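Report on the structure
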Amino acid sequence: MIQGLALNAAQVAFVVAAAPLFRGVLNRFEERLQGRLGPSIWQPYFDLIKLLQKDEVVSEESTWIFRFAPFMYFVAPLLVTMLIPALTDFPLFWAFMGDMVAAGFILGLGGFFLALAAIDGGNPYGPMGTSRTRMVSSLVEPIFMIVFFSVSFAANSTIPYVVQAHWTTSAAALVSPTHVLIVAAFVMIILAETGRIPVDNPSGHFELAMIDEAKTLEFSGRSAALVKWGSHSKLMVLSLVLVNVLVTPWGLASSPGAGAVALGALLVSIKLLVFIAVVAGIETSLAKLRLFRIENFLGLAFVVAVLAMVVQPFHL
Amino acid sequence: MAAVASLNTVVGTLFILMTFLLMVSRQIQSVLRAFVGQSLLLVLSTLLLALLHHSAQLAIVALITVAAKVIVIPGVLTRTLGQELRARREIESVVNVPVSLLLMLGATVLAFFLAAPLLGPHAAEAQVNLALGLAALLIGVYTLVIRREAVAQVLSLMAIDNGVFFAGVAITTSSAIVEAAAGLEGVMVVLVVAILTRTIAQNLGSTQVSSLQQLGEEVPR
């Protein structure tokens, strides 16, 4: 049990420590692809340190939710980390506490509190960003559900560890149409949920065009750092689900030794690096969609997810 | 062989996705690209089925498809309608994209239900081709109806053709002559329609069908 807890702690520590680096490398990759030098890959850490040292200003009109939400948003992705195979391919202590749907709910809870806090703050851009995020989320939700359905049809379970084990044991299943389509739909969901380019511009500074960032404008100091860190972790956790459970389920530590876990961390980092290259390619080649075109993008993702379910019986 | 059949299903799903893309693309150039992609996937599926059934005729069908739909038809369209193809305006359509997507998703599921009892449980690879070909046909017809742009309509006509052949190559392995005739006919149709469209474009300054609704004594110059 001690060992299980230690491994869980190692997984969470890996995500907490590496998430800003993940974002930094992604930003650097994109800048390079676009022919610019770009900030250092350590820049997100500098930002976090700077914000943690600053004073915090809280509106007098706001309630306890405004102060509580950043913690919730920071913790939610870390709770999800305990449910997914981040470094090891054998089930850890909390593995059977919840399945992919539960992970979605936990992430949703963090988003819900952040949305409440954005309205609570009284900044006029907060509610605007919130309503836009809710629009995107409500369109993403059915796609998530159908992806989970397709996964559970294929792997007979929605527990991430079991799904991962299913894809590792049958390599042929990896090239099945269902799997290809699930991966495609999941990438589109990740881009939408974490506010990446076809849906939202993460590096934009124009408040009227913001979707995800507008909610965080009112936070300062420690709260702002937690919110930023939380969104880094969220991107990393969703990417981990994609690379470790769906696309490349190999290379995770299969024994609890420290060496095996370190090797697992290295391989997982390499897989994430490849995914970063793919995301940077997508983001560089596409333009941000107009707000009312987002539903077309997500409609296409929905079609992809439903097709994954429909063609399920035809490739046995 | 199971691997080939499975790969064929992958190609089939990509084919139907390409058809969806053809339906929702907003610029003529991207409709053309989606059409070429769809044709290439049709070729790929035909080659896989040729491998599966050891049929030389299907390989010939694939060659004809490449020549007609990947090279000649896009070439003809680019030569006659180069200006219009590169136009950066949005294609008008009668129904908006999310509604179209949902309707055609329903049509795809319907196509699976219609195709299932036709072939019985033995021919799984033919079944998926028949269903997806039927779905592509329905999407093509729907796109033809909702688009208000002549070039896009020509391309959806050709997408219907692709859908029919996607279903056809799975049902019979001896369709080389039919495909040769149809491939040639497709080229002729596109040539005629492209020249007509070019005349329209020269007279009206655009290929938007919606501007053809009024009757007039003389053609506006």
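Residues numbered from 1 in each chain as written. Chains lettered and ligands numbered in written order. Predicted model: local features only at pLDDT ≥ 70, side-chain atom pairs only at ≥ 80, totals over all residues.

1. Comments concerning the overall build of chain B
The condition that has to hold: The helix and strand labels rest on DSSP assignments: H or I over at least four residues marks a helix, E over at least two residues marks a strand, and numbering proceeds from the N terminus. Computation of the radius of gyration draws on C-alpha atoms, with the globule rule given as 2.2 Å multiplied by the number of residues to the power 0.38. Partly exposed residues are those whose C-beta has more than 12 but fewer than 20 other C-beta atoms within 10 Å; with 20 or more the residue is buried, with 12 or fewer it is exposed, and the C-beta atoms are placed from the backbone.
A tally of regular secondary structure across chain B gives seven helices and zero strands. The N-to-C order of helical and strand elements in chain B reads α-α-α-α-α-α-α. Taking 2.2 N^0.38 as the reference for a compact globule, 221 residues should give roughly 17 Å; the C-alpha atoms of chain B span a radius of gyration of 18 Å, in line with that estimate. Expressed as lengths along the three principal axes of its C-alpha atoms, the size of chain B is roughly 60 × 35 × 25 Å. Counting the 221 residues in chain B, one finds 45% classified as buried.

2. Observations concerning the overall build of chain A
Along the backbone of chain A there are ten helices and zero strands. For chain A, the α and β elements follow one another from N to C terminus as α-α-α-α-α-α-α-α-α-α. Its C-alpha atoms give chain A a radius of gyration of 19 Å, within 12% of the compact-globule value 20 Å for 316 residues. Dimensions along the principal axes, computed over C-alpha positions, put chain A at roughly 60 × 45 × 40 Å. Among the 316 residues that make up chain A, the fraction classed as buried is 49%.

3. Considerations on the interface of chain A and chain B
The criterion, for reference: Here contacts are defined at the residue level, using C-beta atoms placed from the backbone and a cut-off of 7 Å between them.
Between chain A and chain B, the contact holds 18 residues from the first and 20 residues from the second. Every element with two or more residues in the side of chain A that touches chain B is listed here: helix H7 (177-193) and helix H10 (294-310) of chain A. Element by element, the count of residues in the side of chain A that touches chain B is highest for H10 of chain A, at nine residues.

4. Observations concerning the nonpolar core
Filter applied, for reference: In plain words, the nonpolar core is the set of buried Ala, Val, Leu, Ile, Met, Phe, Trp, Tyr and Cys residues that C-beta atoms within 7 Å link up.
Ranked by internal contacts, the top residues of the largest apolar core, which has 157 residues, are Ile143, Ala185, Ala301, Val304 and Ala305 of chain A together with Phe15 and Leu155 of chain B. Here this core gets 14 residues from one element, more than from any other, and that element is helix H8 (residues 221-247) of chain A. Apart from the residues lying within four places of it in its own chain, the contact partners of valine 304 of chain A are Leu181, Ala184 and Ala185 of chain A together with Leu17 of chain B.

5. Points about the packing of H8 of chain A against helix H9 (residues 258-285) of chain A
Residue and element names in this part refer to chain A. Rules: Note on definitions: angles span 0 to 180 degrees between N-to-C directions of axes, and those axes are lines fitted to C-alpha atoms, for helices only across the stretch in contact. Should an angle fall under 35 degrees it is called roughly parallel, over 145 degrees roughly antiparallel, and 65 to 115 degrees roughly perpendicular, with every other angle called oblique. The residue classification treats Ala, Val, Leu, Ile, Met, Phe, Trp, Tyr, Cys and Pro as nonpolar and Asp, Glu, Lys and Arg as charged. All others, Gly included, are polar.
Here H8 crosses H9 at 105°, and the two axes come no closer than 10 Å. The orientation of H8 with respect to H9, classified from their angle, is roughly perpendicular. On the side of H8, the interface is formed by Ser239, Leu242, Val243 and Asn244, while H9 contributes Val268, Lys271, Leu272 and Phe275. A breakdown of the residues in the contact of H8 with H9 according to their chemical character gives five nonpolar, two polar and one charged.

6. A word on helix H2 (residues 28-53) of chain B
Our working rule: A helix's residues, less one, multiplied by 1.5 Å, set its expected span.
An ideal rise of 1.5 Å per residue puts 38 Å on 26 residues; H2 of chain B measures up with 37 Å between its terminal C-alpha atoms. Positive backbone phi, at 50°, marks histidine 54 of chain B, one or two positions downstream of H2 of chain B.

7. Overview of the packing of helix H6 (residues 150-171) of chain B against helix H7 (residues 176-204) of chain B
All names here are of chain B. Two elements in contact, H6 and H7, have axes whose closest approach is 10 Å; the angle formed by their N-to-C orientations is 170°. Put simply, H6 runs roughly antiparallel to H7. Note on element contacts: H7 touches H6 through Glu179, Gly186, Val190, Val193, Thr197 and Ile200, opposite Ala150, Val151, Val154, Met158, Asp161 and Phe165. Along the lines of polarity and charge, the residues of the contact of H6 with H7 split into eight nonpolar, two polar and two charged.

8. With respect to unusual backbone geometry
With phi around 60°, asparagine 156 of chain A is a residue other than glycine that occupies positive phi space. Unlike most non-glycine residues, histidine 54 of chain B shows phi in positive territory, near 50°. Along the chain, the position of histidine 54 of chain B falls in the loop between H2 and helix H3 (56-85).

9. Considering the confidence of the model for chain A
In regions of low pLDDT, the predicted coordinates are not meant to be interpreted in detail. For clarity, the threshold we go by: Scored from 0 to 100, pLDDT reflects the predictor's confidence in each residue.
When pLDDT is averaged across chain A, the result is 88; 99% of the residues are at 70 or more. The least confident element of chain A is helix H6 (residues 160-169) of chain A, whose mean pLDDT is 84; the most confident is helix H2 (residues 43-53) of chain A, at 94.

10. Points about H6 of chain B
Over its 22 residues, H6 of chain B extends 32 Å from the first C-alpha to the last, a length consistent with the 32 Å expected when each residue adds 1.5 Å. Among the 22 residues in H6 of chain B, 17 count as buried, and that is most of the element.

11. Some thoughts on the environment of aspartate 99 of chain A
Residues and elements named next belong to chain A. Along the chain, the position of aspartate 99 falls in the loop between helix H3 (64-83) and helix H4 (100-120). Overall, aspartate 99 belongs to the buried group, with 20 C-beta atoms counted inside 10 Å. Between the alpha carbons of aspartate 99 and valine 162 there is a distance of 9.7 Å; along the sequence they are 63 residues apart. Among all residues touching aspartate 99, those that are not within four sequence positions of it are Thr158 and Ile159.

12. Looking at the environment of threonine 169 of chain A
Residues and elements named next belong to chain A. Note that threonine 169 resides in helix H6. Given 9 C-beta atoms within 10 Å, threonine 169 falls into the exposed group. C-alpha of threonine 169 to C-alpha of tryptophan 250: the two residues are 81 residues apart in sequence and 9.9 Å apart in space.

13. Let's talk about the environment of glycine 251 of chain A
Residues and elements named next belong to chain A. Take glycine 251: it is sitting in the loop between H8 and H9. Spatially, the C-alpha atom of glycine 251 lies 36 Å from that of lysine 50, the residues being 201 residues apart in sequence. Ignoring any residue separated from it by four or fewer positions in sequence, one finds glycine 251 in contact with Gly264, Leu267, Val268 and Lys271.

14. Brief notes about the confidence of the model for chain B
Taken residue by residue, chain B gives an average pLDDT of 83. The fraction at 70 or more is 91%. ipTM for the predicted complex: 0.81, alongside a pTM of 0.87.

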